[in-house]
Amino acid sequence: MTTPTIGVLALQGDVREHLIALAAADAVARPVRRPEELTEVDALVIPGGESTTMSKLAVLFGMLEPLRERVRAGMPVYGTCAGMIMLANKLLDGREDQETLGGIDMIVRRNAFGRQNESFEAKIDFAGIEGGPVEGVFIRAPWVESVGGGAEVLATYDGHTVAVRQGNVLATSFHPELTGDDRVHAYFVDMVRAGL
Ligand code: GLN
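Residues numbered from 1 in each chain as written. Predicted model: local features only at pLDDT ≥ 70, side-chain atom pairs only at ≥ 80, totals over all residues. Heavy atoms only, no water.

Taken together, the buried positions of helix 4 (residues 64-72) are L64, L67, R68 and V71. For helix 4, the angular spread of the buried residues around the axis is 100°, confining them to a single face. Each element contacted by the buried residues of helix 4 is listed here: strand 1 (5-9), helix 2 (35-38), strand 3 (43-46), helix 3 (51-60) and strand 4 (77-80). (Buried < 20%, exposed > 50% of the residue type's maximum accessible area, 1.4 Å probe, protein only. Helix = DSSP H or I, 4+ residues; strand = E, 2+ residues; numbered from the N terminus. Arc of directions from axis to C-beta. Contact = heavy atoms within 4.5 Å.)

So this is what it looks like as structure tokens:
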């Protein structure tokens, strides 16, 4: 079986936790900061953190266009929380100058859960993942306000969409990398492997 090389966008956010989770899910994982490093990976994880900062640093490091190009070209990408925001085709409650990469035909509302509740955990039934619900850690989390025809909802919480997939692009409002349960990362690694 081919072992994919998966990058973790290392501009800002919880990079280390994703590197560990990807390695546990049998991928070769490495941080990606520069355009040259992006060319060396089969797929990319965009971590949780602060999407406004990530957007700024992506511009500063000359990564915005290279990232957009690879997403457009079909590179598999998985975004958690701030990473989900980066993958939204349309963003609500973002900063005025905030850039996203796009990739999923969805409207994401930034800090949607955060207003009521800074941080919480919940059991999430995830379509396509076996072995019972996954533990969802939500930290000032976004939710998906609506999805277009090409996007598939994989999980909801409290009536709100919290996991979406469109083709090779996956996004969750929550942080599986903080739980020690690597099933969502394994699901993504399988997606990547299927395309190699
Ligand atoms: N609220 C953050 C943002 O806007 C996301 C928080 C997170 O990634 N845990 O990017």
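Anyway, onward from the coordinates.
Further remarks concern the UniProt feature "active site" (unreviewed entry) in the chain. Residues annotated by UniProt as "active site" (unreviewed entry) correspond here to C81, H175 and E177. On the basis of their most widely separated C-alpha atoms, the annotated residues across 97 residues gather in one place, lying no more than 11.0 Å apart. Relative to the helices and strands, C81 resides in the loop between strand 4 and helix 5 (82-86). What makes C81 buried here is its relative accessible area of 4%. Once residues lying within four places of it in the same chain are set aside, the contact partners of C81 are G48, I139, R140, A141, P142, T172, S173, F174 and H175. Position of H175 among the secondary structure elements: in the loop between strand 12 (169-172) and helix 6 (183-194). Apart from residues no more than four positions distant in its own chain, H175 is found in contact with D14, G48, T80, C81, V137 and I139. (UniProt positions renumbered as here; feature names shortened; annotations may be inferred.)

Here we come to the pattern of salt bridges. Using the criterion set out here, one finds 10 salt bridges in the structure. In this structure, E50 engages R110 in a salt bridge whose closest nitrogen and oxygen atoms are separated by 3.0 Å. Placement of E50 in the loop between strand 3 and helix 3 and of R110 in the loop between strand 6 (104-109) and strand 7 (119-124) is noted, with a sequence separation of 60 residues between them. Assessed through its relative accessible area of 13%, R110 is described here as buried. For E99, the salt bridge identified is with R68, shortest N-O distance 2.9 Å. Of this pair, E99 sits in the loop between strand 5 (88-92) and strand 6 while R68 sits in helix 4, placing them 31 residues apart in sequence. Note on E99: relative accessible area 30%, which makes it partly exposed. Bridged by salt links that share partners, the residues E65, R68 and E99 form one connected network. (Salt bridge = Lys/Arg side-chain N within 4 Å of Asp/Glu carboxyl O.)

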